[in-house]
Amino acid sequence: MRIFKFGGASVKDAESIKNVVKVLQEVGHHKTLVVVSAMGKMTNAMEAIVNDYFKDKTSTSAAMQEVINYHQTILLALFSNKQHPVFSKVRALFDEVQGFLVWNKSPNYNFVYDQVVGYGELVSTTIISEYLNEIGIVNKWIDVRTLIKTDDSYRDAIVDWEVTKAQVSKSVDQQLLNITQGFLGGDKNNFTTTLGREGSDYTAAILAYCLNANSVTIWKDVPGVLNADPRYFKETQLLNNISYREAIELAFYGASVIHPKTLQPLQGKEIPLHVKSFINPNKKGTTVGKGVGIEPKVPCFILKKGQVLMKLSSLDFSFIVEDSISDLFKLFHDHKMKVDLIQNSAISFSVCVDNKFGRLDELLNTLKSRFKVVYQENVSLFTIRHFNAKAINTLIKEHEVLLEQRSTETVQFVIK
């Protein structure tokens, strides 16, 4: 069986959905499970609804109506018959999320986030599944929340692999074309959980592992894995082949093409991962699999924006020893801060962290009781894998370098 994953850019409007159909027709769809994200920027739009719900409930209704209108436009472009069942199915899904926002009593932002934001995927897959059936491509729609079972760590749920394998085994007919959602799971109380932002790739890998799939293909608007993000770097180069190890390194440092959690289950069963273009589906793209290194071997540039650089030193100029560092990492974990770079000396400890859960102020208040803290927000972390002098000079010539760290294969700069 093959697993395909289509992201938001590939299903952003009616024409894009028709292109997905074209891809399926060109490359085949027998014995295929298709994982689909929310359409376009709908995850951002659903996040805005959650923010409004907590900050200004009077804005929630208008924000929700914009989301409904967006999908209604796509529906009307795909289905000429306004009495088609898809209209009532989509309406029912939006009624569910609006109902939740009325009756919910939980003050837990992360819980509410997962119950609301996941409807982007539920709606997108419903529309695509119904459209495929309408044009004669028979498929089965599956609610992935019944397949991927997790704990209740909302917004960053941990998969229960044994239960998930059992659910997938009994629920997925491998002879069919199956359509399901990325990003989502379900806890033991059947509340929606999410696997972390951009988690649809991870969904594809989980399902591939459980189904012993032949391959996973991530369909994107770029020709494959590039050595740099074309949004930030002018000159980029396609990487034809990458080993699992190298891809894990790139993902660890923040390469956005492959989700960091995606590669581990694939490597465990040596399932190849293809990253291909939905614009040119017959081109080879990039293959991640068992092998050596990276081809071609060129410098790879990774940028993470919106980071926080902190320098901590002891209040009495005593050494920062193992116990202190252990305590610091526990604090970072407790405040859901992802540590992207560390550097320490005898009396100071510098760390670059990702404040994606917005808990910096809480962390700083705790740290300041024990350490002298100097910090800078909104810095950028640049990483170059397989660096050379030219690559470094090109990167830093127009920036102020706040921190630098090098190893044999990798150099990192925190830049203002």
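Thresholds applied
Residues numbered from 1 in each chain as written. Predicted model: local features only at pLDDT ≥ 70, side-chain atom pairs only at ≥ 80, totals over all residues. Heavy atoms only, no water. Phe/Tyr/Trp six-rings, centres within 6.5 Å; stacked < 30°, edge-to-face > 60°. Buried < 20%, exposed > 50% of the residue type's maximum accessible area, 1.4 Å probe, protein only. Lys NZ or Arg CZ within 6 Å of the ring centre and 35° of its normal. Core = buried A, V, L, I, M, F, W, Y, C linked by side-chain atoms within 4.5 Å. Contact = heavy atoms within 4.5 Å. Helix = DSSP H or I, 4+ residues; strand = E, 2+ residues; numbered from the N terminus. Arc of directions from axis to C-beta. Pairing = 2+ DSSP bridges. Disulfide = S-S within 2.5 Å. Axes fitted to C-alpha atoms, helices over the stretch in contact; angles between N-to-C directions. Salt bridge = Lys/Arg side-chain N within 4 Å of Asp/Glu carboxyl O. Parallel < 35°, antiparallel > 145°, perpendicular 65-115°, else oblique. Nonpolar A, V, L, I, M, F, W, Y, C, P; charged D, E, K, R; others polar.

A. Structural detail: the packing of aromatic side chains. What the rule picks out here adds up to 17 aromatic pairs. Consider the rings of Tyr53 and Phe54, whose centres lie 5.3 Å apart with planes at 90 degrees: the pair is edge-to-face. Arranged with centres 6.4 Å apart and planes meeting at 70 degrees, the rings of Phe79 and Phe87 form a pair that is edge-to-face. The same class applies to Phe79 and to Phe87, which are both buried. The ring of Tyr53 is capped by Lys57, whose NZ or CZ atom sits 4.4 Å from the centre of that ring. A cation over an aromatic ring shows up here: Arg155 above the ring of Tyr113, its NZ or CZ 4.3 Å from the ring centre.

B. View of the nonpolar core. Ranked by internal contacts, the top residues of the largest apolar core, which has 97 residues, are Ile3, Ile17, Val116, Ile127, Val216 and Leu273. Apart from the residues lying within four places of it in its own chain, the contact partners of Leu273 are Val216, Ile218, Ile258, Leu263, Leu266, Thr286, Thr287 and Val288. Leu331, Met337, Leu363 and Val373 belong to the second-largest nonpolar core, a separate cluster that totals 17 residues.

C. Seen up close, helix H7 (residues 161-171). Thr164, Gln167 and Val168 are the residues of H7 that are buried. Across the axial projection of H7, the buried residues extend over an arc of 95 degrees, all falling on one side. In H7, the exposed residues that point more than 90 degrees away from the buried face are Glu162, Ser169 and Lys170. Those residues of H7 hidden inside the fold are in contact with helix H8 (200-211).

D. Geometry of the pairing of strand E2 (residues 32-36). Judged by how many residues are buried, E2 sits mostly within the fold: five of five residues are covered. Relative to strand E4 (residues 177-181), E2 runs parallel, the two being bridged by five bridges. Considered in E4, the bridge of Val35 is made with Thr180.

E. Spatial organisation of the state of the cysteines. One pass over the full model with this rule turns up zero disulfides. With no disulfide of its own, Cys352 lies 20 Å from the sulfur of Cys300, the closest cysteine sulfur. For Cys352, a relative accessible area of 0% corresponds to the buried category.

F. Highlighting the sheet that holds strand E16 (residues 401-406). Sheet architecture is open: six strands sit in the order E13-E14-E12-E15-E17-E16, paired in antiparallel fashion. Each of the sheet's edge strands pairs with one partner strand only, and the pair in question is strand E13 (338-344) and E16. Each strand axis lies, on average, 30 degrees off the axis of its neighbour in the sheet, ignoring direction. Where strand E12 (residues 300-314) and strand E14 (residues 348-354) come together, seven bridges link them in antiparallel fashion. Considered in E14, the bridge of Leu312 is made with Phe349. Relative to E14, helix H11 (residues 322-334) is tilted by about 15 degrees, and along the sheet it contacts E12, E13, E14 and strand E15 (371-385). Against the sheet, helix H12 (residues 360-367) contacts E12 and E15, and its axis sits at roughly 130 degrees relative to E15.

G. Representation of the sheet that holds strand E3 (residues 140-141). Here we have nine strands laid out as an open sheet, ordered E3-E4-E2-E1-E7-E9-E10-E8-E11, and mixed in their pairing. The strands lining the two open edges of the sheet, one partner per strand, are E3 and strand E11 (294-295). The pairing of strand E8 (residues 241-243) with E11 spans two bridges and is antiparallel. By the bridge assignment, Asn241 is partnered in E11 with Glu295. Its contacts with the sheet put helix H1 (residues 14-27) on strand E1 (2-6), E2 and strand E7 (215-220), and the angle it makes with E1 is roughly 160 degrees.

H. The pattern of salt bridges, seen in detail. Enumeration over the complete set of coordinates arrives at 16 salt bridges. In this structure, the salt-bridge partner of Glu15 is Lys18, at a minimum N-O distance of 3.6 Å. Separated by three residues within a single helix, Glu15 and Lys18 lie in helix H1, roughly one turn from each other. For Glu15, a relative accessible area of 55% puts it in the exposed group.

I. View of the packing of H1 against helix H3 (residues 60-78). Look at H1 against H3: their axes get within 9 Å of each other, and the N-to-C directions meet at 55 degrees. With respect to each other, H1 and H3 are oriented oblique. Listed contacts from H3 to Ala14, Ile17 and Lys18 of H1 are Ile74, Ala77 and Leu78. Within the contact of H1 with H3, the residues separate by chemical class into five nonpolar, no polar and one charged.

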